[in-house]
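Okay, here's what each chain looks like letter by letter:
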Amino acid sequence: MPIAVGDLLPDVTLLRITAEQPEPIELRAYSAGRRVVLFAVPGAFTPTCSARHLPGFLTHAVQLRERGVAAIACVAVNDPHVLKAWAAHEGVDNRIDLLSDGAAIFTGAIGLELDLSARFFGVRSRRYAAIVDDGRLTYLGVEPGTEVGVSSVDAVLERLG
Ligand code: BEZ
């Protein structure tokens, strides 16, 4: 069953992309005692993820922080090398934490896998956005397909008020 509003994030490790070596992030500790916006993309460098989804959060990172968001994180079922190249390509700097879930362990644990085998991708993440307060989901918008609607930065900002 997919994760839902009111649920705690699972206690899993993801790899945060940095300018040096990727850094292991314990998700429970990362989200404890603060507000985090977490969004996920089906894949780095894919058209909608690169042209709309990630750029929306980059452009509005300041507005999110003004609404009490301590960290913005983007999860993808991609290996850390791909995510590092994507971060550089998109000029992410330190505005968003790119978190690699290369083996889809986190994505599987929250039940939000997207099987794109027919499109030669393999198993990836559904596109979604979540507001996480002290480790617990207070908003979750999961897209039915690969388009950006309820997982957009506008939907998150609207929810934050
Ligand atoms: C995209 O445009 O972001 C996309 C395209 C195909 C599969 C997944 C994502």
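A brief report on the enclosed structure follows. In this numbering scheme, every chain counts its residues from 1 along its sequence in written order. It should be noted that, the model being predicted, local features are given only for residues of pLDDT at least 70 and side-chain atom pairs only at 80 or more, the latter also being counted only at that level, while totals for whole chains, interfaces and linings use all residues. Where side-chain values are given, they derive from all heavy atoms of the structure, hydrogens and water being excluded.

This part covers the side chain of N78. On the secondary structure map, N78 appears in the loop between β4 (71–76) and α4 (80–90). One polar contact links the side chain of N78 to the main-chain amide nitrogen of A44, over a distance of 2.8 Å. The contacts of N78, once residues within four sequence positions are left out, are G43, A44, L83, S100, D101, G102 and R124. In this description a helix means any DSSP run of H or I spanning at least four residues, a strand means any run of E spanning at least two, and both kinds are numbered starting from the N terminus. Any pair of N or O atoms that falls within 3.5 Å is considered a polar contact. Within protein, one atom must be able to donate a hydrogen and the other to accept it, and sequence-neighbouring residues count only if both atoms are side-chain atoms. Two residues form a contact once any of their heavy atoms are found within 4.5 Å.

Before going further, it helps to spend a moment on the packing of aromatic side chains. Aromatic rings considered in pairs are described by the distance between their centres and by the relative angle of their planes. Under the pairing criterion, centres of Phe, Tyr and Trp rings, with the six-membered ring standing for Trp, must be within 6.5 Å; the plane angle then separates stacked pairs below 30 degrees from edge-to-face pairs above 60, leaving the rest tilted. Scanning the model with the defined rule gives one aromatic pair in all. Measuring from ring centre to ring centre gives 3.9 Å for F39 and F57, while their planes differ by 10 degrees; the resulting arrangement is stacked. Taken together, the positions of F39 in strand β3 (residues 35–41) and F57 in helix α2 (residues 47–59) put the pair 18 residues apart, joining distant regions of the chain. F57 matches F39 in its accessibility class, with the two residues each being buried. We count a charge as sitting over a ring when the NZ of a lysine or the CZ of an arginine lies within 6 Å of the ring centre and within 35 degrees of the ring normal. The residue whose ring lies beneath R34 is Y30, and the NZ or CZ to ring-centre distance is 4.8 Å. Each residue is assigned to one of three classes by its accessible area relative to the maximum for its type, calculated with a 1.4 Å probe on protein chains only: buried under 20%, partly exposed between the two thresholds, exposed over 50%.

Turning to the pairing of β4, a few remarks are in order. The buried fraction of β4 is high, at six of six residues. Burial along β4 is two-sided: the residues A71, A73 and V75 and I72, C74 and A76 are all buried. Note that β3 and β4 share six bridges and pair parallel. Bridged to V36 within β4 is A71. Seen with its strands pointing away from the viewer, a crossover is right-handed if its path from the first strand over the helix to the second goes clockwise. Running through α4, the crossover from β4 to the neighbouring parallel element strand β5 (residues 97–100) is right-handed. Pairing between two strands requires that DSSP report at least two bridges joining them.

This part takes up the state of the cysteines. Two cysteine sulfur atoms form a disulfide, by the criterion used here, when they sit within 2.5 Å. Summed over all chains, the structure comprises zero disulfides. Summary of cysteine pairing: C49 is not part of a disulfide, and the nearest cysteine sulfur, belonging to C74, is at 7.8 Å.

Side chains that differ in sign of charge can pair as their charged atoms come close. The working definition used for a salt bridge is a side-chain nitrogen of Lys or Arg within 4 Å of a carboxyl oxygen of Asp or Glu. Scanning the model with the defined rule gives three salt bridges in all. A salt bridge links R35 to D133, with the shortest nitrogen-to-oxygen separation between them at 2.7 Å. Taken as a pair, R35 in strand β3 and D133 in strand β8 (residues 128–133) lie far apart in primary sequence, 98 residues in all. Residue class for R35 comes out partly exposed when judged on its relative accessible area of 25%. Look at D133 and you get partly exposed, because its relative accessible area is 23%. When salt bridges that share partners are traced, they join R16, E23 and D97 into one network.

Once that is clear, we can look at the site of the ligand. To be near a molecule or strand, a residue needs just one of its heavy atoms within 4 Å of it. Taken together, P42, T46, P47, T48, C49, L116, R119, F121, R127 and T146 make up the full set of residues adjacent to the ligand. At a separation of 2.9 Å, an oxygen atom of the ligand approaches a polar side-chain atom of T46. Within the contact set of the ligand, an oxygen atom lies 3.1 Å away from a side-chain nitrogen or oxygen of R127. Note on areas: these come from Shrake-Rupley sampling with a 1.4 Å probe, and a residue is covered only by the protein chains present in the view. For the ligand, whose accessible area on its own is 260 Å², the fraction buried by protein is 92%. Of the residues in the shell around the ligand, the class split is five nonpolar, three polar and two charged. The classification used treats Ala, Val, Leu, Ile, Met, Phe, Trp, Tyr, Cys and Pro as nonpolar, Asp, Glu, Lys and Arg as charged, and all other residues, Gly among them, as polar.

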